[in-house]
Amino acid sequence: WLTLKPGWYDIEAEPAASSLAGFLVADPRNTVGLISDIDDTILVSEVLSKSALLKNSLTVPAEQRDVVQGMAALYTRVLKANVAPEASAVFYLSYTPRQLTDNLRRFLQANGFPRGVLQLREVASENGDSMQEHETYKLRRIEAILGAFPQTRFQLFGDDAERDPEIYAEVQSKHPNQVAGIWIRRINPDAQRPIFPGQHDVRELTEAAK
């Protein structure tokens with residue numbers, strides 16, 4: 001596969017995937033990458049309300065889920081800085097179980113998000129659901145992405161409902177040369193929620209595009 005040209009390649013499987021599946025060969029000339037959280041960053045999930053989160057995740061069809069307005073266009077605009085935007089290193093990272101892969105893939109496609117690699121949690125009987133495990137999982141995945149693309153500088157997008165600000169702050173402290181920017185969607189009602197240096201409100205970008 002190392003001889004393949006940059007771009008996306010569809011995967012054929014038996015049984016067939018119920019939505020478009022594929023793998024990415026990133027273009028080495030690209031210098032801008034994107035790592036995005038999913039729940040309440042681009043997809044309205046109401047993480048702060050567990051009952052609403054479960055209802056949204058399990059009962060609403062992917063194509064009918066509420067999208068965070070302006071984010072798909074914003075991501076597309078960010079990637080235009082690359083020589084080959086369609087072969088950019090784009091990762092959608094979530095602690096969501098892998099069983100929802102198809103659902104999320106259909107959501108991204110229906111709402112015009114740039115095609116990217118879904119990084120979801122593998123669920124096993126010994127897995128817990130603590131905030132510490134959530135944070136460790138995301139840190140490990142992000143560091144693997146940065147290691148795989150050492151010449152790429154990534155824009156990180158998340159929200160403050162859970163631990164994205166803390167996770168991204170740690171990533172930036174360890175890999176300052178690979179973090180081009182950190183953008184947080186502010187939805188947490190806690191007025192004492194810390195705001196970390198160098199992290200910006202994503203509305204600065206979405207409103208500037210209007």
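These figures come from a predicted structure and were not determined experimentally.

(A) View of the environment of isoleucine 38. Within the element layout of this structure, isoleucine 38 appears in the loop between strand E3 (32-36) and helix H1 (50-59). Measuring from C-alpha to C-alpha, the distance between isoleucine 38 and tyrosine 95 comes to 9.0 Å, with 57 residues separating the pair along the chain. Isoleucine 38 has contacts with Leu43, Tyr92, Leu93, Ser94, Leu104, Leu118 and Leu120, leaving out every residue within four places of it along the chain.

(B) Representation of unusual backbone geometry. Look at aspartate 40: it is not a glycine, yet its phi comes out positive at around 65°. Mapped onto the elements, aspartate 40 comes out in the loop between E3 and H1. Take aspartate 40: its relative accessible area is 4%, and that puts it in the buried class.

(C) Spatial organisation of the pattern of salt bridges. In total, this model carries 12 salt bridges according to the counting rule given. Among the salt bridges present, the one from glutamate 63 reaches arginine 106, with a minimum N-O distance of 3.1 Å. Taken as a pair, glutamate 63 in the loop between H1 and helix H2 (71-79) and arginine 106 in helix H3 (residues 101-110) lie far apart in primary sequence, 43 residues in all. Exposure remark for glutamate 63: the relative accessible area of 46% places this residue in the partly exposed category. Between lysine 174 and glutamate 143 there is a salt bridge whose closest N-O contact spans 3.7 Å. Placement of the pair is lysine 174 in helix H5 (residues 164-174) and glutamate 143 in helix H4 (residues 131-148), with a sequence separation of 31 residues. Overall, the relative accessible area of 47% leaves lysine 174 in the partly exposed class. One network of salt bridges, with partners in common, ties together Glu135, Arg163, Glu166 and Arg193.

(D) Examining the nonpolar core more closely. Counting 26 residues, the largest nonpolar core has Ile42, Met71, Tyr75, Tyr92, Phe113 and Phe157 as the members making the most contacts within it. Among the elements of the structure, E3, H2, strand E4 (90-97), H3 and strand E5 (117-121) are those that each provide at least two residues to this core. A total of 6 residues in this core trace back to one element, the largest contributor, which is H2. Not counting chain neighbours up to four residues away, the residues in contact with tyrosine 92 comprise Ser36, Ile38, Ile42, Tyr75, Leu108, Phe113, Pro114, Arg115, Gly116, Val117, Leu118 and Gln119.

Cut-offs and rules
Residues numbered from 1 in each chain as written. Predicted model: local features only at pLDDT ≥ 70, side-chain atom pairs only at ≥ 80, totals over all residues. Heavy atoms only, no water. Helix = DSSP H or I, 4+ residues; strand = E, 2+ residues; numbered from the N terminus. Contact = heavy atoms within 4.5 Å. Buried < 20%, exposed > 50% of the residue type's maximum accessible area, 1.4 Å probe, protein only. Salt bridge = Lys/Arg side-chain N within 4 Å of Asp/Glu carboxyl O. Core = buried A, V, L, I, M, F, W, Y, C linked by side-chain atoms within 4.5 Å.

Worth remembering: the numbers are spatial, not functional.
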